[in-house]
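Overview (structure and organization)
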Amino acid sequence: MVNGLGSSLSDLSILSNAKTRSVSPENFTGEKGKGGMATDGCGASAARDLGLGWKVSPCVSIPAGTTFTMADISGEGAIKHIWVTDSSVLPRSLILRIYWDGSDIPSVEVPLCDFFACADYLDYRQLSSLAVCVNPRRGFNCYWEMPFKKGFRFTLENLDKRDVNVFYQIDYILTQLPPDTAYFHAQFRRTNPLPYKEVYTILDGIKGKGTYVGTYLYWGVKSNNWWGEGEIKFYMDGDTEFPTICGTGTEDYFCGAYNFDANNKYNEFCTPYSGLAKVSRTDNLYNCQQRFSMYRWHITDPIYFEEDLKVTIQALGWRSEGRYLPLQDDISSVAFWYQDSICESFPTLPDMDGLEII
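As the structure is a computational prediction, the values presented were derived from the model and not from experiment.

Calculation criteria
- Residues numbered from 1 in each chain as written.
- Predicted model: local features only at pLDDT ≥ 70, side-chain atom pairs only at ≥ 80, totals over all residues.
- Heavy atoms only, no water.
- Helix = DSSP H or I, 4+ residues; strand = E, 2+ residues; numbered from the N terminus.
- Rg over C-alpha atoms; globule rule 2.2 N^0.38 Å.
- Buried < 20%, exposed > 50% of the residue type's maximum accessible area, 1.4 Å probe, protein only.
- Contact = heavy atoms within 4.5 Å.
- Areas by Shrake-Rupley, 256 points an atom, 1.4 Å probe, with all protein chains shown as cover.
- Lys, Arg positive; Asp, Glu negative; His and termini not counted.
- Charge placed at Lys NZ, Arg CZ, Asp CG, Glu CD.
- Phe/Tyr/Trp six-rings, centres within 6.5 Å; stacked < 30°, edge-to-face > 60°.
- Lys NZ or Arg CZ within 6 Å of the ring centre and 35° of its normal.
- Pairing = 2+ DSSP bridges.
- 1 Å grid on protein atoms, 1.4 Å probe; cavity = no way out; pocket = protein on both sides within 12 Å on 5 of 7 lines; lining within 4 Å.
- Points joined across faces, edges and corners; volume = space filled by probe spheres on them.
- Nonpolar A, V, L, I, M, F, W, Y, C, P; charged D, E, K, R; others polar.
- Polar contact = N/O pair within 3.5 Å; in protein donor to acceptor, adjacent residues only side chain to side chain.

Examining the overall build of the chain
Across its full length, the chain holds three helices and 25 strands. Whereas a compact globule of 358 residues would reach a radius of gyration of roughly 21 Å, the chain reaches 21 Å, a difference of no more than 12%. The dimensions of the chain, computed from C-alpha atoms along their principal axes, are 75 × 50 × 35 Å. The burial tally for the chain puts 51% of its 358 residues in the buried class. When contacts within the chain are restricted to residue pairs at least 6 apart in sequence, those whose partners lie at least 24 apart make up 74%. Roughly 17,100 Å² of accessible area belongs to the chain as shown, and the carbon and sulfur atoms make up 50% of that amount. Considering the chain, the positive charge centre built from 32 side chains and the negative charge centre built from 44 side chains are found 4 Å apart.

Given below as structure tokens:
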């Protein structure tokens, strides 16, 4: 642990000069001794007999079609934990953006639910991993450490036509960072349908030195039979036609095996580093689309790159005569990585129709 950074169970007894702060609707500025001072908010009526300090402002209401600034903080340090829950009824209608050090370019631009590896949160499953947790009923938690040198800004855009209530807390420390500290990034992509014989791109256009730390995939299958024969590939540091890292299959990359199949059915699993977090439950009528929610965190096996990085995955099933079938599925992803500079090559985020899970 260095000044509160990289904390773990084994070094909690070591004292630090880091200063802990927290942003929430009860303290938008994160200032010391300024929490619980609200005189107005969504809890004001309930607290009318109790007065100041009695849960007057536990949440914010974000009007339809607007963007709310969750936090705008100056200083040097690192975000340690994020907790969010909301009242939305339309998955992917809330867009999380995080900006570092006064930049106008977001380093995180992801639908809120996908950022927490839970694209379709209306069909709840608990997710317990080191990087993110989704707890009953919709408690989104993030434990990625996110350093900042001059400050950070969080915004949440509501794409829905309905107002949404959001409860949140952003816990961070103010501390001195080592000179080689990198910026956290998360990028969303979706291709629906994937063109025939094309590979799905998880990440591309990354220039600089960095560390790839995680992948989230939400996969909608549009054909029968097994769909995950495709290989994941990491092209780095000048790789062109052939990658440095080439996986053996989709379920293998997510640390499963043999089609996630045990006892002739898909088996969900949830571990600190990887999981098949959710398999869609079909009703044999209108809700018949098979979808799979998978995460893989490279926490103890990070992928380091010096100059550039591109990540792709094939979509392969089976056709007659034991031949591979290039699939045309609905695939979306979030790539998580650290980089020595603020990335400026984010693709345009789809509109609400392009984000919708149907």
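Quick word on the packing of aromatic side chains
Within this structure, the stated rule accounts for 29 aromatic pairs. Judged by centre distance (6.0 Å) and plane angle (35 degrees), the rings of tryptophan 144 and phenylalanine 184 are tilted. In this pair, tryptophan 144 sits in the loop between strand 9 (139–142) and strand 10 (146–148) while phenylalanine 184 sits in strand 13 (residues 183–191), placing the two residues 40 residues apart along the sequence. Residue tryptophan 144 is classed as buried on the basis of its relative accessible area, which comes to 6%. Judged by relative accessible area, which is 0%, phenylalanine 184 ranks as buried. Ring pairs connect the aromatic residues Phe115, Phe116, Tyr121, Phe140, Trp144, Phe184, Tyr295, Trp297, Phe336 and Tyr338, which therefore count as one cluster. In this structure, lysine 310 packs its charged tip against the face of tyrosine 235, placed 5.9 Å from the ring centre.

Structural notes on the pairing of strand 20 (residues 290–297)
Every other side chain in a regular strand lies on the same face of the sheet, so the side chains alternate between the two faces. Burial runs high along strand 20: seven of the eight residues are buried. Here eight bridges tie strand 15 (residues 210–221) to strand 20, and the two strands are oriented antiparallel to one another. Bridged to tryptophan 219 within strand 20 is phenylalanine 292. The pairing of strand 19 (residues 274–279) with strand 20 spans five bridges and is antiparallel. When the sheet's bridge partners are listed, leucine 276 is paired in strand 20 with methionine 294.

Considerations on the layout of surface pockets
Here the largest pocket defines a volume of roughly 950 Å³. Taken together, 33 residues form the lining of the largest pocket, with Gly6, Trp144, Glu145, Val213 and Tyr338 sitting closest to its centre. Of all the elements in the fold, those that place two or more residues in the lining of the largest pocket are strand 4 (77–86), strand 15, strand 21 (303–305) and strand 25 (330–339). With three residues, the single largest contributor to the lining of the largest pocket is strand 15. When the residues that make up the lining of the largest pocket are grouped by side-chain class, the tally is 17 nonpolar, nine polar and seven charged. Computed from the structure, the second largest pocket encloses a volume of approximately 330 Å³. In terms of lining, the second largest pocket is formed by 18 residues, of which the most central are Asp120, Asn287, Gln289, Arg291 and Ile357.

Brief notes about empty space enclosed by the protein
The final tally for this structure, using the stated rule, is two cavities of 30 Å³ or more. Computed from the structure, the largest cavity encloses a volume of approximately 70 Å³. Elements with a minimum of two residues in the lining of the largest cavity: strand 15 and strand 19. Across the lining of the largest cavity, the residue classes break down as nine nonpolar, one polar and four charged. Space inside the second largest cavity adds up to approximately 40 Å³. Lining the second largest cavity, in full, are Asp86, Ser88, Leu90, Arg92, Ser93, Leu94, Leu112, Cys113 and Tyr121.

With respect to the side chain of aspartate 330
Tracing the chain through its elements places aspartate 330 in strand 25. A polar contact of 2.6 Å, which involves the side chain of aspartate 330, links it to the side chain of arginine 190. If sequence neighbours within four positions are ignored, aspartate 330 has contacts with Arg190, Thr191, Asn192, Tyr218, Trp219, Gly220 and Lys222.

Remember that the coordinates give geometry; whether it matters functionally is a separate question.
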